[in-house]
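An overview of the molecular structure
The chain contents come next:
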Amino acid sequence: IGVASMKKNEKCVLTCAPKYAYGAAGSPPNIPPDSTLKFELELLGWSGQMLGDDGGIERFIIKRSEKKKTPNDGAHVKAHITGTFEGRTFDDRDVEFNIGEGEDNNIISGIEIALEKMSILETSRLVIKPKYAFGADGNEQFNIPKDAVVEYLVTLIEFEKEVEAWKLDATESLTKAKELKEKGTNYFKDGKFKMALKFYGKCMNFLSNCGKYLLWFHLNFLTLTNILNMQTRRSKAKQEQPKLPFI
């Protein structure tokens, strides 16, 4: 509690009543029961919770929530986001989207990753490195240069989790798989191959208890993976878009 009110490089003496120290039990043999303690502190610095595979997202909780549940991948979320770069606000809006599809709403991946750790009505400040922000291309609409570190203030307003595959029977799983396959196909046709691969993978997950469909789709999924690998190797060269056997 005391540290939370301190500034960087500040020095102070904290006097802690028993209630905020070791209480009636004390800490034998050095601290007797009901002891008031004094601590000399110097706050040298701090860091937030590091998210992402390489810690490229730093999260500071500004307002905690009493709720415990958090969104999952695919959850439908409503949030308010405020993006800043070098003190300038470049994005301030209410957003509503499915986690994993944020790029359709100009939502960077760093926000999506952080939202999966947040509870309803929580507000967090995010410091996001380029890999999880606008990368080497920057963002012309927001006037963000390449390789920029940006900050976002994010409040999660509400969410609805995506149903988990194991909770569905075969008929329900097949219906969900068809929905995901259609999304994947649309992304593929738009040239968003990484997103297409993601949704075909999720489709396979929901087909896990639909045996006769799973083998058929698995073979086509391998075909898609090979196509996407070739597409990546071609880099920026313009090529005719390949056709998948199940589109």
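First things first, this report covers the structure right here in the doc. Since we're looking at a predicted model, the values are computed, not measured. (Residues numbered from 1 in each chain as written. Predicted model: local features only at pLDDT ≥ 70, side-chain atom pairs only at ≥ 80, totals over all residues. Heavy atoms only, no water.)

1. Here we look at the overall build of the chain
In terms of regular secondary structure, the chain is built from four helices and eight strands. The order of α-helices and β-strands along the chain, N terminus first, is β-β-β-β-β-β-α-β-β-α-α-α. A burial count over the chain gives 40% of its 247 residues as buried. Of the contacts made within the chain by residues no fewer than 6 positions apart, 62% connect residues no fewer than 24 positions apart. On the chain, roughly 15,400 Å² of surface is accessible, and the fraction owed to carbon and sulfur atoms is 51%. (Helix = DSSP H or I, 4+ residues; strand = E, 2+ residues; numbered from the N terminus. Buried < 20%, exposed > 50% of the residue type's maximum accessible area, 1.4 Å probe, protein only. Contact = heavy atoms within 4.5 Å. Areas by Shrake-Rupley, 256 points an atom, 1.4 Å probe, with all protein chains shown as cover.)

2. Things to note about the pattern of salt bridges
Evaluated as defined, the whole model comprises twelve salt bridges. Put simply, D73, E162, K176, E179, K198 and K202 are held in one network by salt bridges that share partners. (Salt bridge = Lys/Arg side-chain N within 4 Å of Asp/Glu carboxyl O.)

3. Notes on unusual backbone geometry
In this chain, P28 is followed by P29 through a cis amide linkage whose omega measures 0 degrees. Positionally, P29 belongs in the loop between strand 1 (11–16) and strand 2 (37–42). Non-glycine residue E86 carries a positive phi angle of around 50 degrees. The exposure class assigned to E86 is exposed, which follows from its relative accessible area of 72%. Although it is not a glycine, D147 sits at a positive phi angle of roughly 55 degrees. Along the chain, D147 falls in the loop between strand 7 (123–128) and strand 8 (150–160). Using a relative accessible area of 48% as the deciding quantity, one classes D147 as partly exposed.

4. With respect to the sheet that holds strand 8
Pairing within the open sheet is antiparallel, and its six strands lie in the order 3-4-7-8-5-6. Taken across any chain shown, the strands that pair with only one partner, and hence form the sheet edges, are strand 3 (49–51) and strand 6 (88–98). The sheet shows a mean angle of 25 degrees between the axes of neighbouring strands, direction not considered. In this sheet, strand 7 lies alongside strand 4 (residues 57–63) in antiparallel orientation, the contact comprising six bridges. (Pairing = 2+ DSSP bridges. Axes fitted to C-alpha atoms, helices over the stretch in contact; angles between N-to-C directions.)

5. As for helix 3 (residues 193–206)
Across its 14 residues, helix 3 extends 20 Å between first and last C-alpha, which sits within 8% of the 20 Å expected from 1.5 Å per residue. Of all the positions in helix 3, only F193, M195, A196, F199, Y200, K202, C203, M204 and F206 are classed as buried. (Expected span 1.5 Å × (residues − 1).)

6. Section: the packing of aromatic side chains
The geometry of two aromatic rings is summed up by the distance between their centres and the angle between their planes. Summed over all chains, the structure comprises five aromatic pairs. Ring plane angle 85 degrees and centroid distance 5.6 Å describe the contact between F90 and Y152, whose orientation is recorded as edge-to-face. Of this pair, F90 sits in strand 6 while Y152 sits in strand 8, and the two are 62 residues apart along the sequence. Ring centres 5.5 Å apart and planes at 25 degrees place the aromatic pair Y187 and F199 in the stacked group. Here Y187, found in helix 2 (residues 170–189), pairs with F199, found in helix 3; they are twelve residues apart in sequence, far enough to count as distant. Across the pair, exposure class does not vary: Y187 and F199 are buried alike. Cluster of aromatic residues (ring-pair linked, three or more members): F90, F134, F142 and Y152. (Phe/Tyr/Trp six-rings, centres within 6.5 Å; stacked < 30°, edge-to-face > 60°.)

7. A closer look at the packing of helix 2 against helix 3
Remark: helix 2 packs on helix 3, axes separated minimally by 8 Å, with the N-to-C direction vectors making an angle of 170 degrees. By the angle class used here, helix 2 and helix 3 are roughly antiparallel. Seen from helix 2, the contacting residues are S173, K176, A177, L180, K181, K183, G184, T185, Y187 and F188; seen from helix 3, they are F193, M195, A196, F199, Y200, K202, C203 and F206. (Parallel < 35°, antiparallel > 145°, perpendicular 65-115°, else oblique.)

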